[in-house]
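These are the residues of each chain, in order.
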Protein chains: 2
Amino acid sequence: MELKDIKSPLDIKGLSVDELEKIAAQMRAAVLFRCSQIGGHVSPNLGSVESIIALHYVFNAPVDKLIFDVSHQAFPHKMLTGRVYGYINPEDFDKVGEYTDPNESPEYDLFYAGHTSPAITLSVGMAKARDLKQDNYNVVSYIGDGALSGGVAFEGLDAGGAMNSNLICIVNDNQMAIAENHGGIYSHLADLRETNGTADTNLFKAFGWDYVYVGEGNDIAKLIETFKSVKDYPRPVVVHINTQKGEGYVPAEKDRESWHFRNPFDISSGQLLKAPHGESYEKVFKQFVNRNAEKYPEFLVITSATPADLGLNAAERAKLGHHYLDVAIAEQTGVSVMAGAARGGAKVVYGVVGTFLQRAYDQLVEDWAMDGSPSLMVVMMTGIRAINDKTHLGFWDIPMITSIPDIVYLAPTTVEEFDAMMQWALDQTQYKVAVRQPVYSLQHSSEPVDTDFSDINKFKVVKKGAGVAVIAAGDFFVKGTEVVDLLKAEGIDATLINPRFISGVDRELIENLKSDHRLIVTLEDGSVEGGFGQRVASVAGPTGMKVLNYGLEKRFEDHYKWEELEESNRLTPAQIVDDISTLMKA
Amino acid sequence: MELKDIKSPLDIKGLSVDELEKIAAQMRAAVLFRCSQIGGHVSPNLGSVESIIALHYVFNAPVDKLIFDVSHQAFPHKMLTGRVYGYINPEDFDKVGEYTDPNESPEYDLFYAGHTSPAITLSVGMAKARDLKQDNYNVVSYIGDGALSGGVAFEGLDAGGAMNSNLICIVNDNQMAIAENHGGIYSHLADLRETNGTADTNLFKAFGWDYVYVGEGNDIAKLIETFKSVKDYPRPVVVHINTQKGEGYVPAEKDRESWHFRNPFDISSGQLLKAPHGESYEKVFKQFVNRNAEKYPEFLVITSATPADLGLNAAERAKLGHHYLDVAIAEQTGVSVMAGAARGGAKVVYGVVGTFLQRAYDQLVEDWAMDGSPSLMVVMMTGIRAINDKTHLGFWDIPMITSIPDIVYLAPTTVEEFDAMMQWALDQTQYKVAVRQPVYSLQHSSEPVDTDFSDINKFKVVKKGAGVAVIAAGDFFVKGTEVVDLLKAEGIDATLINPRFISGVDRELIENLKSDHRLIVTLEDGSVEGGFGQRVASVAGPTGMKVLNYGLEKRFEDHYKWEELEESNRLTPAQIVDDISTLMKA
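Residues numbered from 1 in each chain as written. Chains lettered and ligands numbered in written order. Predicted model: local features only at pLDDT ≥ 70, side-chain atom pairs only at ≥ 80, totals over all residues. Heavy atoms only, no water.

J.: Explain the overall build of chain A to me, and be specific about the residues and the numbers.
T.: Looking only at helices and strands, chain A features 22 helices and 16 strands. Against the globule reference of 25 Å for 586 residues, chain A gives a C-alpha radius of gyration of 26 Å, in line with a compact fold. Summarising its shape, the C-alpha atoms of chain A cover approximately 80 × 55 × 50 Å along the three principal directions. Here chain A, with 586 residues, has 67% of them falling under the buried criterion. Of all intrachain contacts in chain A linking residues separated by at least 6 positions in sequence, the fraction that spans at least 24 positions is 77%. As displayed, chain A offers around 18,800 Å² of accessible surface, 49% of which is attributable to carbon and sulfur atoms. One finds the centroid of the 54 positive side-chain charges in chain A at a distance of 3 Å from the centroid of its 81 negative side-chain charges. (Helix = DSSP H or I, 4+ residues; strand = E, 2+ residues; numbered from the N terminus. Rg over C-alpha atoms; globule rule 2.2 N^0.38 Å. Buried < 20%, exposed > 50% of the residue type's maximum accessible area, 1.4 Å probe, protein only. Contact = heavy atoms within 4.5 Å. Areas by Shrake-Rupley, 256 points an atom, 1.4 Å probe, with all protein chains shown as cover. Lys, Arg positive; Asp, Glu negative; His and termini not counted. Charge placed at Lys NZ, Arg CZ, Asp CG, Glu CD.)

Structure below.
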């Protein structure tokens, strides 16, 4: 049996360990083959190969239910469940996504789990349904790659520990999240590894689970033996397996952080095919951090396990020393530590990926916005051009953040404005400020930018015209400029506005526009519903001016090309100008 | 020294244990005195008296930082920090709130922590700031009353366990949340209690904390001795204290669940002064649950530790048996278990308090909305009349839920419509449906209600008029009726619309209104920003119709009278009619 011929898990059931090891080697090659060409999560999948083979060898999916978390480590599972073509045929790469996906495989992929940490609670729900229906299968969650530090993973251990029926949790302990691991639990896992699972105390047992340890987590025979011993187990049981992230590929074994996710590379050397860009918003952020670590002894920069998105490599983090804190994959903690440290008098910036910030909505409301501790949160990877995986869309940060009182959300339009907004936010002592790091395109200001943003919700009129007012926020300001230029050719001398603030509306300005404008157009790089433009529409509602709101429709998109998504949402400047012309003629 | 004369924690520093015990007895009387008259959290505060006295005796607030969680158990702290008047003078009751509050006492109340579980992470932030500033005080979190099962509490243990400086966590283990406790951790705490803290395994040690156990958690002398032993401790340490919820008051000791929060009562008998209403939306929900537990063998109702809000008392829960699941204070788990159980084929309803649902925003997006598992979530205690504590406002569920794709959010206007919407949602197999349980007033439908809501986003025209269209959602439909009646007197024959769906807009209807309407008015019992009405404003933006959106301004309100808040938001029917008349004449 060759990997390429595997159609379902049944195909590996009769194989010897030697044959399974051959399949494992072919899987590693397939992981590298695909990722070297289109990029992807290299090391997590090199580490999970043997344990996922053993899982499918022992358990009978889809009758038994397997839930992967974080599901970017489930490539081997996809290869065994009829989707190997996505790893060996370049023309099929885009048919198979980075995460488990019920649309891709309704039978074998039960959930998305693209964000970390929900698998154990999801498995509790499935086990509960099984018991209600008096069914009789195994429910198995497979969690690791840093996912264990997310609050809902602990909640899942807590809820699962109280069950009295079959519930299996494989903890794939590869000793890392994206970067090095942080938090007490990872020291504890190290204790368990060092004592061959016999440490004095045991977190999983404390939560009520039985516990089995496998030191050789890349040893198929050993894994098969262990999984057989817990199959049909009548209680919650954790199987803690010690695996090697990046196993079997020397460049990834040597530098496991940068091989967590890798852009296209040369397999033999490990070198990236394209050098990273020179200039970037990440660099602007990094320079801001380094500057303020010098300026303020009480400066603190927080990340929740994504230091690369903050532009900070291992050497730079070491240099920042106690000014740098990685709270692990735990955004609730990121926000609360920001709030707590600000309350204690520190100068704090929390750099967080927008889609992951969803996990901390309650902390934003209750611990940050409500409290009086001025600090700065920089929201990264937002809008249409950041990440095009359904589970990681950057479309909803504006509705999420701006529905909360007492958070000032700023949308810079250029490198210089981004830097100035961050510096103002850190220096001032009155507001909780979020800044939306641009992604869309790298823009520079031709003139000196404002440095004081304390006139809250004051929009900036960049060009005064009449008839049509274009209010273009943040990343989409460049699109607003293009629209205004095109309108000129149509004989419309439009007003162009950089709102700067997206958490409120300049009511006075809107009221004043009425005198010589018939139409307001808003542009934002995010979901229209609940967003910035709808607030403008509401304020303009009684004025008699017409309003057009541009942004993304409320819909889960997946693996889109951003040019096509812009087109289908009528977001190209030509489309927008077309709509405006039609309306102005009506 | 008498309790009434205490102005600051300094006043108890020199007292003997006997004198402190006298203060404790006076505190218990004060808790009962206040709660018997205005209602409040009785049993949690009867249980925490001695430990909070000992805390203030040993530590030096405000130099040492004390963070209470959930802060409804901090009445004794308030009494010791200059606010005893709020418990002994009826005219001052409303000057002191139910939760810690930095506005009430900037020195002593560091955070609100009205939602459970953030204290440990907040303390990590404060300790981090202290270390950066090279300050030298104790940071103490005090957590209990069910708060330990929230994901962020575990995250806090994880983050705290990795610190290498002073960090103290008092676990006030009163053996209960609001109702009985659920989850593995509470069995573990029982093990620790039964072994006097020496159980084979120890969750706190596993997270990296040192650990001390105090069996006599209502014994002041013992507590003082223990707290002294951990003061200035150079590492993270948990002090696990075993206290009695309701201690010292017989009715509360006998029925700790109904004494968690108690409406005004007679102290000698414990009887409520006002009998609970006969008819209520909770009862409608309960009947719905019982009916469907009979109908579907695979029926499951989930709560996250608030069974009373679901109308279910202990006997009723016992009768539901395996159809009932309390996941503890853990809303992330509530949503994920709902998603998991639905995926496993169960018929699921999750009843959840809107303000607490904030904790599960990411699960709503990633585990529920994105997945294909039809199920029902009933959102409780929303809008202006539900809870008037700043930390528990029901104003933001509409912006939160309706910004997420693929969740149908329904707003029933009457008892009959509420029941019909829930039944449809449970029976159907296509949509993820949330239903906003009404609070505002108990209304009945005079005619048979619809039973099929599969024509998604189809608004219902209740009365066809012209000129003005009033779209009044859910709880505020009754207000819409009043507005339309008043408009008649002004000579305006307005259209009245029950939108039913608040997660989308009936675009065709809005377009059609254009022909004979000049103004659309929206009414919703929640925040205007990011809400339902702004979506209508956006859809109506290009039509030329004017729009007025009514709801609450985006602001944290506290201890308001709802009549006054309605008035200040121009939400009385007379004010709305006044605005409409003005605009129609313009």
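J.: Outline the pattern of salt bridges, supporting the account with residue identities and numerical values.
T.: Residue and element names in this part refer to chain B. On inspection of all chains with the given rule, the structure shows 62 salt bridges over all chains. Of the charged contacts, one joins Arg28 and Glu50 as a salt bridge, the two residues approaching to 2.9 Å between their closest N and O atoms. With Arg28 in helix 1 (residues 17–38) and Glu50 in helix 2 (residues 42–58), this residue pair connects regions lying 22 residues apart in the sequence. Neither Arg28 nor Glu50 differs from the other in exposure class; each is buried. (Salt bridge = Lys/Arg side-chain N within 4 Å of Asp/Glu carboxyl O.)

J.: I'd like a rundown of the relation of the copies chain B and chain A, residues and numbers included.
T.: Here two copies of a chain appear, and what relates them is a rotation about an axis with a shift along it. Least-squares fitting of chain B to chain A yields an RMSD of 0.0 Å, with the transformation described by 0.0 Å of translation along the axis and a rotation of 180°. The transformation relating the two chain copies, once decomposed into turn and shift, fits a two-fold axis. Take the interface residues of chain B: 100% of them recur as interface residues in chain A, which is what a same-surface contact looks like. (Least-squares fit on C-alpha atoms with pLDDT ≥ 70 in both.)

J.: Outline the packing of helix 5 (residues 119–132) of chain B against helix 6 (residues 151–161) of chain B, supporting the account with residue identities and numerical values.
T.: All names here are of chain B. Between helix 5 and helix 6, the least distance of the axes is 7 Å, while the angle of their chain directions is 35°. Each of Ile120, Thr121 and Val124 in helix 5 lies in contact with helix 6, whose residues at this interface are Val152, Ala153, Glu155, Gly156, Leu157, Ala159 and Gly160. Partitioned by chemical class, the residues of the contact of helix 5 with helix 6 number six nonpolar, three polar and one charged. (Axes fitted to C-alpha atoms, helices over the stretch in contact; angles between N-to-C directions. Nonpolar A, V, L, I, M, F, W, Y, C, P; charged D, E, K, R; others polar.)

J.: Would you mind going over helix 17 (residues 415–427) of chain A in detail, with residue names and values included?
T.: Compared with an ideal rise of 1.5 Å per residue, which puts 13 residues at 18 Å, helix 17 of chain A spans 18 Å between its outermost C-alpha atoms and is within 8% of the ideal. The element helix 17 of chain A is largely enclosed, with a buried count of 10 among its 13 residues. (Expected span 1.5 Å × (residues − 1).)

J.: Explain the pairing of strand 16 (residues 546–552) of chain A to me, using residue names and the numbers behind them.
T.: With six of seven residues buried, strand 16 of chain A lies mostly within the body of the structure. Taken together, strand 15 (residues 517–527) of chain A, helix 20 (residues 532–540) of chain A and strand 16 of chain A constitute a β-α-β crossover, and its handedness is right-handed. (Right-handed = clockwise from strand over helix to strand, strands pointing away.)

J.: Talk me through the interface of chain B and chain A; I want residue IDs and the actual numbers.
T.: Counting residues at the interface gives 104 residues for chain B and 104 residues for chain A. Here chain B meets chain A over a buried area of about 8,200 Å², counting both sides, of which 60% is carbon and sulfur. In this structure, the connection of chain B to chain A is made through two salt bridges. The salt bridge partner of B:Glu529 is A:Arg535, with a shortest N-O separation of 2.6 Å. Considering every element that reaches the side of chain B that touches chain A, the biggest residue donor is helix 13 (residues 331–343) of chain B, with nine residues. Across the side of chain B that touches chain A, the residue classes tally to 46 nonpolar, 36 polar and 22 charged. (Buried area = accessible area lost by both parts, 1.4 Å probe.)

Coordinates in, geometry out; function isn't part of it.
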